[in-house]
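Read off the chains here:
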Amino acid sequence: MDKSVIKLSLLKKRRIVNACWEWTGCMRGKGKFAQYGRVTIKNRKYDVHRLSAYLWLGFDLSSKSLICHHCDNSKCFNPAHLYIGDHRTNTRDSIDRGRYVYMRGEKHGFSKLTDVDVFRIIELRKEGLSYKEIAKALNNKVSVFPIFDICKNDAWKHLKQVSVPKMIEERP
């Protein structure tokens, strides 16, 4: 790889925004999930921020280390805004900057229930409905198993739940 040629081609596709070098070329992912710049060199794909760290910071591209952003801009490839880290430092940085999203409950992308549904499940259980009846009341959004886990406080623990009366019953 001729570093000077690659540097020039990267710099041609940058837009400077608040000192960030934002990548204007092809992005990895689609739609709103397209976050990181992507280039292909000799039939091999590279994330632009990792390539930038290689070109300007001497980063080893075969390393499993992460290239993190001081600027919180995933499109940025300004080497002054990049640092080498790992999953722990990246997560810690995300938490410290208030960007970490706890994927719990209805915020989780695969959740079929809302917080309101969970409170409704608890109320229906207090009224004496069976797990199967509760599932039916929710138009079978979920099976009886997550309903059981909610009632036993093994799921959706982040919600302040009032205790559900103990009923002598085994797991469905």
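This report concerns the structure included in the present document. Here the residue numbering is sequential within each chain, running from 1 through the sequence in written order. Local features in this predicted model are restricted to residues of pLDDT 70 or higher, and side-chain atom pairs are both shown and tallied only at a pLDDT of 80 or more, whereas totals for entire chains, interfaces and linings draw on every residue. For the side-chain quantities, the full set of heavy atoms in the structure was used; hydrogens and water were omitted.

**Quick word on the overall build of the protein**
Thought 1: Each helix and strand counted, the protein has six helices and seven strands in total.
Thought 2: In this description a helix means any DSSP run of H or I spanning at least four residues, a strand means any run of E spanning at least two, and both kinds are numbered starting from the N terminus. Counting from the amino terminus, helix and strand elements in the protein follow one another as α-β-β-β-β-β-α-β-β-α-α-α-α.
Thought 3: On C-alpha atoms alone, the protein measures out to a radius of gyration of 24 Å, which is more than a quarter above the 16 Å that the 2.2 N^0.38 rule sets for 172 residues.
Thought 4: Taken over the C-alpha atoms alone, the protein extends approximately 75 × 30 × 30 Å along its principal axes.
Thought 5: When a residue's accessible area, from a 1.4 Å probe over protein chains only, is under 20% of the maximum for its type it is buried; when over 50% it is exposed; and in between it is partly exposed. Relative to its 172 residues, the protein shows a buried fraction of 35%.
Thought 6: Contacts: residue pairs with any heavy atoms within 4.5 Å of one another. Partitioning the contacts of the protein with sequence separation of at least 6, the portion at a separation of at least 24 is 46%.
Thought 7: Asp and Glu are treated as the negative residues and Lys and Arg as the positive ones, with His and the ends of the chain left uncounted. Here the site of a charge means NZ on Lys, CZ on Arg, CG on Asp, or CD on Glu. Mean positive and mean negative side-chain charge positions of the protein (34 and 18 charges, respectively) differ by 8 Å. For this measure, only C-alpha atoms enter the radius of gyration; the expected value for a globule follows 2.2 Å times N^0.38, where N is the number of residues.

**Overview of the pattern of salt bridges**
Thought 1: For this analysis, a salt bridge means a side-chain nitrogen from Lys or Arg found within 4 Å of a carboxyl oxygen belonging to Asp or Glu. Taken as a whole and assessed by the stated rule, the structure comprises eight salt bridges.
Thought 2: Here Glu 22 makes a salt bridge to Arg 15, at a shortest N to O gap of 2.9 Å.
Thought 3: Given a relative accessible area of 12%, Glu 22 falls into the buried group.
Thought 4: Judged by its relative accessible area of 42%, Arg 15 falls in the partly exposed class.

**Here we look at unusual backbone geometry**
Thought 1: In the Ramachandran plot, Asn 43 falls in the positive-phi region, its phi being about 65° despite a non-glycine side chain.
Thought 2: The backbone of Trp 156 sits at a positive phi, close to 60°, despite the residue not being glycine.
Thought 3: By secondary structure assignment, the location of Trp 156 is in the segment after α6 (144-151).

**Quick notes on the sheet that holds strand β5 (residues 44-47)**
Thought 1: On the basis of which strands lie adjacent, the open sheet formed by three strands has the order β3-β4-β5 and antiparallel pairing. Each edge of the sheet is formed by a strand with only one pairing partner; in this case those strands are β3 (27-28) and β5.
Thought 2: Two strands form a pair only when DSSP identifies at least two bridges running between them. Bridge count for strand β4 (residues 36-41) against β5 is four bridges, and the pairing is antiparallel. Within the sheet, the bridge partner assigned to Ile 41 lies in β5 and is Arg 44.

**Brief notes about the environment of Ile 121**
Thought 1: You can see Ile 121 is positioned in helix α4 (residues 115-126).
Thought 2: Along the chain, Ile 121 and Ala 135 lie 14 residues apart, while their C-alpha atoms are 8.6 Å from each other.
Thought 3: Other than its neighbours up to four places away in sequence, Ile 121 contacts Leu 113, Ile 134, Leu 138, Ile 147, Ile 150 and Cys 151.

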